[in-house]
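# Coordinate inspection notes
Residue strings, one per chain:
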Amino acid sequence: MTILAFAATNSRHSINRALIGHATMRLAKIVPDVRIETLDLNDYEMPIYSIDREKADGIPAPAQDFFDRIGAADAILVSFAEHNGFVTAAWKNVFDWMSRIEAKVWQGKPVAMLAASPGPRAGANVLASQEMLAPHFGADLRGSLGLGRWPEAWDAEGKQLLRPEDTRALDTLLGQLVAPAKTAAA
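So, here is what we can say about the structure in this document. In this convention, every chain numbers its residues from 1, walking through the sequence in written order. Reporting in this predicted model follows two pLDDT cut-offs: at least 70 for local features of residues, and 80 or more for side-chain atom pairs to be given and counted; totals over whole chains, interfaces and linings ignore these cut-offs and use all residues. Computation of side-chain values covers all heavy atoms of the structure but excludes hydrogens and water.

### Considering the overall build of the protein chain
Per the secondary structure count, the protein chain includes 7 helices and 7 strands. For helices the rule is a DSSP run of H or I covering at least 4 residues; for strands it is a run of E covering at least 2, with both sets numbered from the N terminus onward. In the protein chain, the succession of α and β elements from N to C terminus is β-α-β-α-α-β-α-β-α-β-α-β-β-α. Here the radius of gyration uses the C-alpha set of atoms, whereas the globule reference equals 2.2 Å times the residue count to the power 0.38. Taken against the 2.2 N^0.38 rule, which gives 16 Å for 186 residues, the C-alpha radius of gyration of the protein chain at 16 Å falls within 12% of a compact globule. Dimensions along the principal axes, computed over C-alpha positions, put the protein chain at roughly 50 × 45 × 30 Å. Relative to its 186 residues, the protein chain shows a buried fraction of 46%. Looking at the protein chain as shown, the accessible area adds up to about 9200 Å², and 52% of this sits on carbon and sulfur atoms. Of the side-chain charges in the protein chain, 19 are positive and 22 negative, and the distance between the mean point of each set is 3 Å. Type-normalised accessible area, obtained with a 1.4 Å probe on protein chains alone, sets the label of each residue: buried when under 20%, exposed when over 50%, and partly exposed for intermediate values. Under the convention used here, a 1.4 Å probe and the Shrake-Rupley method define accessible areas, while residue burial counts only the protein chains that appear. The charged-residue count follows a simple rule in which Lys and Arg add positive charge and Asp and Glu add negative charge, with His and chain termini not counted at all. Note that the charge is assigned to NZ on lysines, CZ on arginines, CG on aspartates and CD on glutamates.

Structure follows, in C-alpha cells:
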C-alpha cells in the first residue's frame with residue numbers, strides 16, 4: 001500500500017508539517033509494509049491560477065505531477081494549515097490548477113484529513129470546509145482530526161504528541177484510512 005502524505009502549507013516550520021511527520025511515523029507502525037511518499041508544497045510553486053494563464057500556457061508541469069502522484073497512491077493523508085479560516089494560498093493554488101486537469105482531484109482515493117492549530121478550535125473551519133468539499137472533488141473521506149492548543153499537545157524535542165487521547169484518535173483515523181472500502185449492502 002502506498003500513502004501520499006503532505007502538509008497543505010508552504011511554511012517550512014509549520015505545525016502541520018510536524019503533525020504529518022508524526023502521523024506517517026505512526027502509520028508505519030500500524031501498517032509495517034506501507035510505502036509512504038511525503039510531498040513538500042514548496043516543490044510545487046507555480047503561477048497563481050487564472051483562466052488566461054491556462055489558455056496561454058496550459059497546465060504547469062508541477063500541477064500535473066502532483067495530480068499524477070495522487071493517482072498513483074492508494075490513499076492520501078493531508079494536514080491543513082488554517083489561514084483566516086480557510087486553506088493556505090499555496091495549497092489553494094495547487095488544488096485550483098489540478099482541478100483544471102480533472103474536477104475529481106482526489107480521484108476516488110481514501111483521504112484522511114488533519115489540522116493542527118495553536119488555538120482551541122483545532123482547525124475546525126478549515127476541516128469543515130474541506131470535509132464539505134471532499135465528495136465533490138472525488139475523495140473517499142475516511143475521517144478527520146483537528147488537534148488544538150498545539151503547544152500543549154506537542155513535544156517538539158521528542159517530536160510526538162503528549163496527550164494520550166490525541167494519539168488514540170490519530171491511530172484510529174490512520175486505521176480508517178488504510179481499512180478496506182465498505183461496500184454497499186445489496
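### Here's the deal with helix α4 (residues 89-101)
Expected helix span is taken as 1.5 Å per residue step, with the number of steps being one fewer than the number of residues. Look at α4: 19 Å from first C-alpha to last across 13 residues, which is about the 18 Å you get at 1.5 Å a residue. Those residues of α4 lying buried are Ala 90, Trp 91, Asn 93, Val 94, Phe 95, Trp 97 and Met 98. Whether two residues are in contact is decided by their heavy atoms, any of which lying within 4.5 Å being enough. Summarising the contacts, the buried residues of α4 are in contact with β1 (2-8), α2 (51-57), α3 (61-72), β3 (75-80) and α5 (124-133).

### Remarks on the side chain of Thr 24
By the secondary structure assignment, Thr 24 is in helix α1 (residues 15-30). According to the relative accessible area criterion, Thr 24 is buried, its value standing at 12%. In the analysis that follows, any N or O atom pair within 3.5 Å is treated as a polar contact, provided that within protein one partner can donate a hydrogen and the other can accept it, and provided that, for residues neighboring in sequence, both atoms belong to side chains. A distance of 2.9 Å separates the side chain of Thr 24 from the backbone oxygen of Gly 21, its partner in a polar contact. In contact with Thr 24, other than residues within four places in its own chain, are Ala 5, Ile 36, Thr 38 and Leu 77.

### Thoughts on the packing of α3 against α4
Between α3 and α4, the least distance of the axes is 9 Å, while the angle of their chain directions is 80°. Compared by their axis directions, α3 and α4 come out roughly perpendicular. Residue-level contacts link Ala 63, Gln 64, Phe 66, Phe 67 and Ile 70 of α3 to Trp 91, Val 94, Trp 97, Met 98 and Ile 101 of α4. Polar here means any residue other than Ala, Val, Leu, Ile, Met, Phe, Trp, Tyr, Cys and Pro, which are nonpolar, and Asp, Glu, Lys and Arg, which are charged; Gly is therefore polar. For the contact of α3 with α4, the per-class residue count stands at 9 nonpolar, 1 polar and no charged. The axes are straight lines fitted to the C-alpha atoms, using for helices just the contacting stretch, and the angles between their N-to-C directions are given from 0 to 180°. These descriptions rest on fixed angle ranges, namely under 35 degrees for roughly parallel, over 145 for roughly antiparallel, 65 to 115 for roughly perpendicular, and the rest for oblique.

### Overview of the packing of aromatic side chains
Here the aromatic set is Phe, Tyr and Trp, taking the six-membered ring for Trp, and pairing holds for ring centres within 6.5 Å; pairs whose planes are under 30 degrees apart are stacked, those over 60 apart are edge-to-face, and all others are tilted. By the definition in use, this model includes 10 aromatic pairs. Considering the side-chain rings of Phe 6 and Trp 91, the 5.0 Å spacing of their centres and the 40° angle between planes classify their relative orientation as tilted. One end of the pair, Phe 6, is in strand β1; the other, Trp 91, is in helix α4, with 85 residues separating them in the sequence. Accessibility classification places Phe 6 together with Trp 91 in one group, the buried group. Seen from their ring centres, Tyr 44 and Phe 66 are 4.8 Å apart, and the 75° between their planes marks the pair as edge-to-face.

### Considering the environment of Glu 131
Relative to the helices and strands, Glu 131 resides in helix α5. Judged by its relative accessible area of 30%, Glu 131 falls in the partly exposed class. Considering only alpha carbons, one finds Glu 131 and Leu 141, 10 residues apart in sequence, at a separation of 7.5 Å. Apart from residues lying up to four places away in sequence, Glu 131 is in contact with Met 113, Leu 141 and Ser 144.

### Some details on the pairing of strand β5 (residues 140-147)
Paired strands, as defined in this entry, are two strands with at least two bridges between them according to DSSP. Where strand β4 (residues 110-116) meets β5, 7 bridges bridge the pair, whose relative direction is parallel. Bridge pairing links Ala 116 to Leu 147 in β5. A crossover links β4 with its parallel partner β5, the connecting element being α5, and its sense is right-handed. A crossover counts as right-handed when, viewed with the strands pointing away from the observer, the path leading from the first strand over the helix to the second turns clockwise.

### Notes on the pattern of salt bridges
Any carboxyl oxygen of Asp or Glu within 4 Å of a side-chain nitrogen of Lys or Arg constitutes a salt bridge here. Counted by the stated rule, this structure contains 9 salt bridges. Salt-bridge contacts for Asp 40 lead to Arg 17; the nearest nitrogen and oxygen are separated by 3.4 Å. Of this pair, Asp 40 sits in the loop between β2 (35-39) and α2 while Arg 17 sits in helix α1, and the two are 23 residues apart along the sequence. By relative accessible area, Asp 40 is classed as buried at 18%. Relative accessible area serves as the criterion here: at 24%, Arg 17 is assigned to the partly exposed category. Asp 171 is the salt-bridge partner of Arg 26, the closest N and O atoms lying 2.6 Å from each other. Within this pair, whereas Arg 26 is found in helix α1, its partner Asp 171 is found in helix α7 (residues 164-178), the two being separated by 145 residues in sequence. On the accessibility criterion, Asp 171 (22% relative accessible area) is partly exposed. In the salt-bridge network here, residues are joined through shared partners; they are Arg 12, Arg 17 and Asp 40.

Keep in mind these values describe shape, not function.
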